[in-house]
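In case you want the letters, here they are:
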Amino acid sequence: MRAVRFARFGGPDVLEVVTVPAPRPGPGRLLIEVEAAGVNYADTHQVDGSYLGADQLPHVPGNEVVGRTEDGRRVLARVRNGYAERVVADESAVVEIPEDLPAAHALALLTQGLTAWHLLVGAARLQAGETVVVHAAAGGVGSLAVQLAGHLGAGRVLAQASTAAKRELALSLGADGVACYPLDERADIVLDATGGELFDQALASLADFGRLVSYGNASRSTFTPVDPGRLGRLNASVVGFWLRPTLARPGAVTGPLKEMLALTARGRLRPVAGAAYPLSETRRAHEDLLARRTTGKVTLVP
């Protein structure tokens, strides 16, 4: 079968389409014919060596797919080595999905939807009526965080995005306004995956007992050291978030995912389908993601 693999760390140019043996499912595992694989920003960190060691090379990235099991069920699954035509998954990591649910919408709810959910509920501990600022609000996580913040009780949701078109998309998804620094109002919560200058501006904008949640560094710049004395003067906090250990907590996946699937079925949550790339154009998918040319859920189609 075909898969996308890298044998050395670097940029998108190290990704190669190769022929590898098809996986064989063992006990408690299912073979899935891949309909679409999700692309996440974290995948670019695997490729550049931020998340992997050299002893794990060569490596096929990707941790989520929509596909069909050998008995014909259409499923959404958490996997390893997802950039491929076929994958195996633990039975416990598979959820059946409707035939009419677009693959990109289902994939958006897995890594990115669960990230948005746990950012708001666990890391930020959103309280009813609070003002939430979402950075990169047209991206995979941001577009869902804008919507989920309102569903979970935020009083106002402000969207930050890099272009006018992306800001319009966030507003169409339910954002109450656009966040431009310095803010006209103090923020109770800021969700930041960008880092750099935006992180510094967001920290200065926090309200009393405000929370700045950092879950990425898309700017790839060095963070300004956070002075505890400054946090004391602001009466605010900076919270770090990483999805992987969060999903290991009891109930962290099934409950939120089922609720998001139900909200999507009722039209209350609108995942944004981004560009779909052939498996042969995985390099271009990563290039566009790194250059912030994408919106919504980016997918690969074998």
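First, a word on what this report is: a plain description of the structure on this page. (Residues numbered from 1 in each chain as written. Predicted model: local features only at pLDDT ≥ 70, side-chain atom pairs only at ≥ 80, totals over all residues. Heavy atoms only, no water.)

Attention shifts here to the sheet that holds strand E9 (residues 156-159). In spatial order, the strands read E10-E9-E8-E11-E12-E13; together these six strands make up an open sheet with parallel pairing. Edge strands, defined here as strands with exactly one partner in the open sheet, are strand E10 (177-178) and strand E13 (237-240). The sheet strands contacting helix H3 (residues 140-151) are strand E8 (131-134), E9 and strand E11 (187-192), and the helix crosses E8 at an angle near 170°. (Pairing = 2+ DSSP bridges. Helix = DSSP H or I, 4+ residues; strand = E, 2+ residues; numbered from the N terminus. Contact = heavy atoms within 4.5 Å. Axes fitted to C-alpha atoms, helices over the stretch in contact; angles between N-to-C directions.)

The omega torsion across Leu57 and Pro58 is -5°, close enough to zero to call that bond cis. Here Pro58 lies in the loop between helix H1 (41-48) and strand E4 (64-69). Each neighbour pair has its own omega, and for Tyr181 with Pro182 the value is 0°, a cis peptide bond. In this fold, Pro182 is placed in the loop between E10 and E11. Backbone geometry at Asn81 places phi at a positive 60°, although glycine is not the residue there. Of note, Asn235 is a non-glycine position whose phi angle comes to about 55°, a positive value. Its place among the elements puts Asn235 in the loop between helix H6 (228-234) and E13.

Time to look at the pairing of E9. Bridge count between E8 and E9: four bridges; the pairing is parallel. Each residue of the ladder has a partner; that of Val134, found in E9, is Ala159. Crossover connection from E8 via H3 to parallel E9: handedness right-handed. For E9 and E10, the ladder comprises two bridges, and the chain directions are parallel. Across the sheet, Leu158 pairs through a bridge with Gly177, a residue of E10. The handedness of the E9 to E10 crossover, carried by helix H4 (residues 164-172), is right-handed. (Right-handed = clockwise from strand over helix to strand, strands pointing away.)

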